[in-house]
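One letter stands for each residue in the lines below.
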Amino acid sequence: MSRTIVFRRLSNGEGIDPPRYETAGSAGADIRAAVEDAITLAPGARAAISTGFAFAVPQGFEMQIRPRSGLAARHGVTVLNAPGTVDSDFRGEVKVLLVNLGAYPFTIGRGDRIAQIVIAPVTLCRFEETDDLGVTIRGAGGFGSTGV
Ligand SMILES: O=c1ccn([C@H]2C[C@H](O)[C@@H](COP(=O)(O)OP(=O)(O)OP(=O)(O)O)O2)c(=O)[nH]1
Ligand SMILES: [Mg+2]
């Protein structure tokens, strides 16, 4: 079942294709860079890249901003805060925090597909304090406690 996400094209988004699923089975819709001029990320550098759009994600859902594996595999470029979280009450421009973990400069041009967005349901919970969380086999084990 397909849902509708409404978006507003900002002035810097003129001529930019909106997010699009590249195949019928794609989980993520690729989102593009609305940079005026090309931006080059030196190795180790990061930048918040404009997308040129603002969205109204329906309440009860989030927009996750995820890396594209091709950028990661070929260039070491990923989304620094993956998965970025766009809240349902956010009405500002969505930006993509890219970081270059590769060994070479990476240039981002206008219209480049720099990330993918996944719309996912969220469960909003109330948080209730207790003194007793119950006993589990794992207990406080973490960070490799089950072995490597
Ligand atoms: O990759 C991202 C992550 C966040 N946002 C926008 C949308 C999101 O709703 C808002 C806040 O994001 P987040 O909660 O991750 O940031 P914060 O540091 O907690 O900021 P705030 O105190 O405004 O919630 O920033 C983006 O545009 N791109
Ligand atoms: Mg926040």
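Computed from a prediction, not measured in an experiment: that's the story for all the values here.

Next up on the list: the UniProt feature "domain: dUTPase-like" (unreviewed entry) in the protein chain. The UniProt feature table records "domain: dUTPase-like" (unreviewed entry) at residues 19-147. Helix makes up 5% of residues 19-147 and strand makes up 39%, while its end C-alpha atoms are separated by 41 Å.

Near ligand 1 you find Ile65, Asn81, Gly84, Thr85, Val86, Asp87, Phe90, Glu93, Val94 and Lys95, and these make up its full shell. Between an oxygen atom of ligand 1 and a side-chain N or O atom of Asp87, the distance comes to 2.6 Å. Protein burial of ligand 1: of its 560 Å² of free accessible surface, 48% is covered by the chains. Elements supplying a minimum of two residues to the shell around ligand 1: strand 7 (84-86) and strand 8 (93-100).

Further remarks concern the confidence of the model for the protein chain. Summing up the model confidence of the protein chain, the mean pLDDT is 97 and the portion of residues at 70 or higher is 99%. As scored by the predictor, the complex reaches a pTM of 0.96 and an ipTM of 0.96.

Now for the sheet that holds strand 8. Ordered in space as 1-4-8-6, the four strands form an open sheet in which the pairing is antiparallel. Two strands bound the open sheet, and with one partner strand each, they are strand 1 (6-9) and strand 6 (77-79). Each adjacent strand pair in this sheet contributes to an overall mean axis angle of 40°, direction not counted. Two elements, strand 1 and strand 4 (residues 46-56), share four bridges in a ladder whose sense is antiparallel. If you follow Phe7 over to strand 4, its bridge partner there is Phe55.

Should their charged atoms come close, side chains of opposite charge can pair. According to the stated counting rule, one finds seven salt bridges in the structure shown. The salt bridge partner of Glu22 is Arg113, with a shortest N-O separation of 3.9 Å. Here Glu22, found in the loop between strand 1 and strand 2 (29-32), pairs with Arg113, found in strand 10 (residues 113-121); they are 91 residues apart in sequence, far enough to count as distant. A residue is classified by how much of its surface remains accessible, and Arg113, at 29% relative accessible area, is partly exposed. Between Arg113 and Asp30 there is a salt bridge, and its shortest N-O distance comes to 2.7 Å. Pair noted here: Arg113 is in strand 10 and Asp30 is in strand 2, with a separation of 83 residues, a long-range link. Owing to a relative accessible area of 8%, Asp30 belongs among the buried residues under this scheme. Within the structure, one salt-bridge network assembled from shared partners comprises Asp17, Arg20, Glu22, Asp30, Arg68 and Arg113.

What counts, and where the lines are drawn
- Residues numbered from 1 in each chain as written.
- Chains lettered and ligands numbered in written order.
- Predicted model: local features only at pLDDT ≥ 70, side-chain atom pairs only at ≥ 80, totals over all residues.
- Heavy atoms only, no water.
- UniProt positions renumbered as here; feature names shortened; annotations may be inferred.
- Helix = DSSP H or I, 4+ residues; strand = E, 2+ residues; numbered from the N terminus.
- Near = heavy atom within 4 Å.
- Polar contact = N/O pair within 3.5 Å; in protein donor to acceptor, adjacent residues only side chain to side chain.
- Areas by Shrake-Rupley, 256 points an atom, 1.4 Å probe, with all protein chains shown as cover.
- pLDDT = per-residue confidence, 0-100.
- Pairing = 2+ DSSP bridges.
- Axes fitted to C-alpha atoms, helices over the stretch in contact; angles between N-to-C directions.
- Salt bridge = Lys/Arg side-chain N within 4 Å of Asp/Glu carboxyl O.
- Buried < 20%, exposed > 50% of the residue type's maximum accessible area, 1.4 Å probe, protein only.

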